[in-house]
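The lines below spell out each chain.
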Amino acid sequence: MNKTNPLPTITVIGSGYVGVTSAAIFANAGYQVYALEINPKRLAAIKAGRSFFYEDYLNPLLEEAVKSGRLIATDSYKEAIPYSDIVFSCVGTPDNPDGSSNLSYIYAAASETAIHAKSGLVYAQKSTVPVGTGAKVEEIFHDADAKISYVSNPEFLREGTALLDSLWFDRVVVGGADPLATKAIIDVYQHVSDLRSTIAQVADMTPGNTVVSDPEYIATSRNSAELIKVSANAFLALKISFANSIAKLADAAGADVVEVMDGIGADARIGRSFLNAGRGYGGGCFPKDVSGLISSGLQHGIDLGIMQAASAENHAMPGYILEKAMNHIEGESFAGKKVAFLGIAFKAGTSDVRKSPAIKMVNLLSEKMEANVHAYDPQALTEEDARGQLHGDVVVAPDMNSALRDADMVIIATDWNEFKEFPLETYATLLNGTILVDAMNCLDPTAVRDAGLTYVGVGR
Ligand code: UDX
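This section reports on the structure supplied with the text. Bear in mind that the values here come from a model prediction, so they are computed numbers and not experimental data.

### Considering the nonpolar core
Here's step 1: Of all hydrophobic cores here, the largest spans 64 residues; its most connected members are F334, F341, L342, I344, L365, L404 and Y427.
Here's step 2: Not counting the four nearest positions on each side in its chain, I344 is found in contact with V353, S356, A358, I359, V362, A375, Y376, D377, A380, L381, L390 and T414.
Here's step 3: Membership of the second largest hydrophobic core comes to 46 residues, among which are I10, V12, L163 and Y189.

Given below as structure tokens:
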């Protein structure tokens, strides 16, 4: 807290998807915020008031935060930590080759903070970490003789709807031994919640029809909070893999998995969300959290075979869909066929391609199945990094029309509105062939057929 601003001063360590979003929101809620980032490219972007990735509504908030001076980006712990009352750690936890999480950034951030922290600092861990990590961070603080209260404060925002999720959140989980530290963190979220409409105005967003009741504030032990985060994501991944398993059965038995999931999802005990069958889950969270949970289990002698099965099912989906599509081609081969491949991001609304099943599909098609692939994505292919993950023969199309023109088949692998709203007649006119593969089950099969196309969905 300083003399002019009665609110606590916050440092957000790490400017990835979670860090940038959090820093922008806290600054627009009136907090003095330091964004600590060691990557020069990301640091320069924040200083210029923009994010290094695409996320709706984020840039206006960042711009305002930087312009007002409430968000200061720096790569120096010394410039931020001594003035901070609260630190949110949002550093990356990439996965090791064996599926466990690489926690070196977590421990490095904690060690550096311990050197510069003032007494009574509250340190909230937002990064997804395996259960037991907080205990080790507390040891670092203890060994450095730093008076820091540690809490686990898992993040639940989704990419593509990050601002909506962060302003109209349904729950906040804070786990730790110090009730005052827990309260300090809950106060921040309550303050954000009080100001959410004002912040949304700056971002020029409307919450739409999302119905969210009052947020729940859940205080737990440190270890429970850590386990809540990974278990929540693992359970959602489980739901998706379950839907995909039933989709295969629906294909074999002649049922429609969308009708099946609508039917079972109407049971309030089950719920309809995350039961959409398709090319499977990707992104920076689900694949890593599933493998992280499996490896936590192994460390404690617990066999999470159920998650192994979910992961195996997920890995199999891209190949399964391409095999199904191949059966519709005359001669049952992709070799030399032009395929318009729409959607590279791991989900709509983001430029993020981390562990994207769409990339796996493109590369299988181009490399193994020798198709002539023309890929298009509204956001994901602007970056060198994303383009570099595509097999060398893949052509990056500048727009949808050039991808589709004279193609033998179109595959929709990310459910961007641009693809869903594109007139079906125009798909039919531009294509040379008639096959439309809906790897997200995002189109109406009857409407596609009425446009003269052959619809190939997943489990329908
Ligand atoms: C997820 C969690 O939802 C969020 O709470 C957590 O903080 C981070 O991880 P995110 O990875 O951004 O968020 O995206 P999400 O919307 O959960 O989708 C994850 C993946 O699952 C995407 O690839 C999506 O296409 C896929 N998915 C989702 C399905 O295949 N079927 C579904 O029914 C839902």
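### Some details on empty space enclosed by the protein
Here's step 1: By the definition in use, this model includes two cavities of 30 Å³ or more.
Here's step 2: The space that makes up the largest cavity amounts to roughly 70 Å³.
Here's step 3: Lining the largest cavity, in full, are S101, T128, V129, P130, V230, K288, D289, G292, L293 and S296.
Here's step 4: Per element, the largest residue contribution to the lining of the largest cavity is five residues, and it comes from helix 12 (residues 286-299).
Here's step 5: Residues belonging to the lining of the largest cavity are distributed by class as follows: four nonpolar, four polar and two charged.

### Let's talk about the sheet that holds strand 11 (residues 395-396)
Two pairing modes exist for strands in a sheet, parallel and antiparallel, and in both the strands are linked by backbone hydrogen bonds.
Here's step 1: Spatially, six strands are ordered 11-10-9-12-13-14 in an open sheet, and the strand pairing comes out parallel. In the strand order of this sheet, the two ends are held by strand 11 and strand 14 (454-456), each with one partner.
Here's step 2: As judged from the four bridges shared by strand 9 (residues 338-342) and strand 12 (residues 409-412), these two strands associate in the parallel manner. Residue pairing across strands places A340 opposite V410, the latter belonging to strand 12.
Here's step 3: Strands strand 9, strand 10 (372-376) and strand 12 of the sheet are contacted by helix 14 (residues 357-368), whose axis makes an angle of about 170° with strand 9.

### Section: the packing of aromatic side chains
Aromatic ring pairs are reported here in terms of the distance separating the ring centres and the angle at which the planes meet.
Here's step 1: Considering all chains together, one arrives at 16 aromatic pairs under this definition.
Here's step 2: Measuring from ring centre to ring centre gives 5.1 Å for Y123 and F141, while their planes differ by 75°; the resulting arrangement is edge-to-face. With Y123 in strand 5 (residues 121-125) and F141 in helix 6 (residues 133-143), this pair connects stretches of sequence that are 18 residues apart.
Here's step 3: Considering the side-chain rings of F274 and F286, the 6.0 Å spacing of their centres and the 55° angle between planes classify their relative orientation as tilted. In this pair, F274 sits in the loop between helix 11 (257-265) and helix 12 while F286 sits in helix 12, placing the two residues twelve residues apart along the sequence.
Here's step 4: Residue class for F274 comes out partly exposed when judged on its relative accessible area of 27%.
Here's step 5: A residue is classified by how much of its surface remains accessible, and F286, at 12% relative accessible area, is buried.
Here's step 6: By way of ring pairs, the aromatic residues F26, Y31, F88, F169, Y189 and Y217 are connected into one cluster.
Here's step 7: Its guanidinium or amino end placed over the ring of F156, R171 lies 3.7 Å from that ring's centre, counting from NZ or CZ.
Here's step 8: In this structure, K248 is placed above the aromatic ring of Y320, and the distance from its NZ or CZ to the ring centre is 5.3 Å.

### Section: the environment of D406
Here's step 1: For D406, the position within the fold is in the loop between helix 16 (400-404) and strand 12.
Here's step 2: Residue D406 is classed as exposed on the basis of its relative accessible area of 52%.
Here's step 3: Aside from chain neighbours lying at most four places away, what touches D406 is K338, L430, L431 and N432.

### As for the side chain of N153
Here's step 1: Take N153: it is sitting in the loop between strand 6 (148-152) and helix 7 (162-167).
Here's step 2: Residue N153 is classed as buried on the basis of its relative accessible area of 1%.
Here's step 3: Among the polar contacts made by the side chain of N153, one reaches the main-chain carbonyl oxygen of V173 at a distance of 3.0 Å.
Here's step 4: Among the polar contacts listed, one links the side chain of N153 to the side chain of Y189, at a separation of 2.6 Å.
Here's step 5: Residues within four places of N153 in sequence aside, it is in contact with F88, A124, Q125, K126, V172, V173, V174, I185 and Y189.

Calculation rules
- Residues numbered from 1 in each chain as written.
- Predicted model: local features only at pLDDT ≥ 70, side-chain atom pairs only at ≥ 80, totals over all residues.
- Heavy atoms only, no water.
- Core = buried A, V, L, I, M, F, W, Y, C linked by side-chain atoms within 4.5 Å.
- Buried < 20%, exposed > 50% of the residue type's maximum accessible area, 1.4 Å probe, protein only.
- Contact = heavy atoms within 4.5 Å.
- 1 Å grid on protein atoms, 1.4 Å probe; cavity = no way out; pocket = protein on both sides within 12 Å on 5 of 7 lines; lining within 4 Å.
- Points joined across faces, edges and corners; volume = space filled by probe spheres on them.
- Helix = DSSP H or I, 4+ residues; strand = E, 2+ residues; numbered from the N terminus.
- Nonpolar A, V, L, I, M, F, W, Y, C, P; charged D, E, K, R; others polar.
- Pairing = 2+ DSSP bridges.
- Axes fitted to C-alpha atoms, helices over the stretch in contact; angles between N-to-C directions.
- Phe/Tyr/Trp six-rings, centres within 6.5 Å; stacked < 30°, edge-to-face > 60°.
- Lys NZ or Arg CZ within 6 Å of the ring centre and 35° of its normal.
- Polar contact = N/O pair within 3.5 Å; in protein donor to acceptor, adjacent residues only side chain to side chain.

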